[in-house]
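So the chains spell out like this:
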Amino acid sequence: GAGVSQSPSNKVTEKGKDVELRCDPISGHTALYWYRQSLGQGLEFLIYFQGNSAPDKSGLPSDRFSAERTGGSVSTLTIQRTQQEDSAVYLCASSSSRGHGAEAFFGQGTRLTVV
Amino acid sequence: KNQVEQSPQSLIILEGKNCTLQCNYTVSPFSNLRWYKQDTGRGPVSLTIMTFSENTKSNGRYTATLDADTKQSSLHITASQLSDSASYICVVSPNYNTDKLIFGTGTRLQVFP
């Protein structure tokens, strides 16, 4: 596809259940980011993948959150034992190059609601 | 401590008027500064990207300025339109990792007819 694709677009889950969110970055983009945005808030960094380097997990809020990126392409963000405070829009972005001015392209996001 | 601060938090203007949004950052040294526009329910879309050596960058009715000495940037919107209603987010990349994006919390702009 031409852009970053995220699925599902909406997810409603019961408290305590596990969820998986998927991100298909733009083909060839080496960098991939996950952010979340709570209602009315700014974007909160979660995790960043760059090529084959170890991911920057410094933004993951708890050990219930994990992410992987298989084959340097598709990424999955997993939230275990979901809590109501996990409700947010989860955004994925990818970019193509290192160095100055690399533009990051965002997907439409997955709206997660924990009931 | 937020490394990228934006002001105002929200702004209401009438269609056709100009406005200026502010971004102050403490990220240092930094590599580039970007402004994104985020429509409600959508992902952010890049408006401008400026490296540390650039002072101004325009994209249609949007003009971004950068003062690396004072660590300030502004986004000026000329002749606002209803479609400009969105959140505008300032994003800074540090020099030690130019792919890392540090987001401000954004300015929510509403343009009324």
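Before going into details, it helps to say that this report is about the structure given with it.

### Quick look at the sheet that holds strand β3 (residues 19-25) of chain B
In a beta sheet, neighbouring strands pair by backbone hydrogen bonds and run either parallel or antiparallel.
All names here are of chain B.
Logical step 1: Spatially, β1-β3-β8-β7-β6 is the arrangement adopted by the 5 strands of the open sheet, whose pairing is antiparallel. Here the strands that pair on one side only, and so sit at the sheet edges, are β1 (4-7) and β6 (56-59). Direction aside, neighbouring strands of the sheet carry axes that sit 15° apart on average.
Logical step 2: Sheet analysis places β3 next to strand β8 (residues 72-77), joined by 6 bridges and oriented antiparallel. By the bridge assignment, threonine 20 is partnered in β8 with histidine 76.

### Topic: the pattern of salt bridges
Should their charged atoms come close, side chains of opposite charge can pair.
All names here are of chain B.
Logical step 1: In total, this model carries 6 salt bridges over all chains according to the counting rule given.
Logical step 2: Lysine 37 is paired through a salt bridge with aspartate 39; the nearest N and O atoms lie 4.0 Å apart.
Logical step 3: Since its relative accessible area comes to 14%, lysine 37 is described here as buried.

### Here we look at the side chain of serine 73 of chain B
Logical step 1: Its location among the elements puts serine 73 of chain B in strand β8.
Logical step 2: There is a polar contact of 3.0 Å between the side chain of serine 73 of chain B and the side chain of tryptophan 35 of chain B.

### Concerning the environment of leucine 33 of chain B
Residues and elements named next belong to chain B.
Logical step 1: Within the secondary structure, leucine 33 is located in strand β4 (residues 30-38).
Logical step 2: The class of leucine 33 is buried, set by a relative accessible area of 0%.
Logical step 3: Remark: the alpha-carbon pair of leucine 33 and alanine 68, spanning 35 residues in sequence, is separated by 10.0 Å.
Logical step 4: Discounting chain neighbours no more than four positions away, the residues touching leucine 33 are Cys23, Tyr25, Thr48, Ile49, Met50, Leu66, Ser73, Cys90, Val91 and Val92.

### Description of the state of the cysteines
Logical step 1: Counting across every chain of the model gives 2 disulfides over all chains.
Logical step 2: Paired through a disulfide, cysteine 23 of chain A and cysteine 92 of chain A show a sulfur-sulfur distance of 1.8 Å. Measuring handedness by torsion sign, the sulfur bridge of cysteine 23 of chain A and cysteine 92 of chain A sits at about -65° and is left-handed. In this pair, cysteine 23 of chain A is assigned in strand β3 (residues 19-24) and cysteine 92 of chain A in strand β8 (residues 88-95), connecting sequence segments 69 residues apart. The two residues cysteine 23 of chain A and cysteine 92 of chain A agree in class, both being buried.
Logical step 3: Cysteine 23 of chain B shares a disulfide with cysteine 90 of chain B; S-S distance 2.0 Å. Taking the sign of the torsion about the S-S bond as the criterion, the disulfide between cysteine 23 of chain B and cysteine 90 of chain B, at about -70°, is left-handed. Taken together, the positions of cysteine 23 of chain B in strand β3 and cysteine 90 of chain B in strand β9 (residues 86-94) put the pair 67 residues apart, joining distant regions of the chain.
Logical step 4: Its relative accessible area of 0% is what places cysteine 23 of chain B among the buried residues.

Procedures and definitions
- Residues numbered from 1 in each chain as written.
- Chains lettered and ligands numbered in written order.
- Predicted model: local features only at pLDDT ≥ 70, side-chain atom pairs only at ≥ 80, totals over all residues.
- Heavy atoms only, no water.
- Pairing = 2+ DSSP bridges.
- Helix = DSSP H or I, 4+ residues; strand = E, 2+ residues; numbered from the N terminus.
- Axes fitted to C-alpha atoms, helices over the stretch in contact; angles between N-to-C directions.
- Salt bridge = Lys/Arg side-chain N within 4 Å of Asp/Glu carboxyl O.
- Buried < 20%, exposed > 50% of the residue type's maximum accessible area, 1.4 Å probe, protein only.
- Polar contact = N/O pair within 3.5 Å; in protein donor to acceptor, adjacent residues only side chain to side chain.
- Contact = heavy atoms within 4.5 Å.
- Disulfide = S-S within 2.5 Å.

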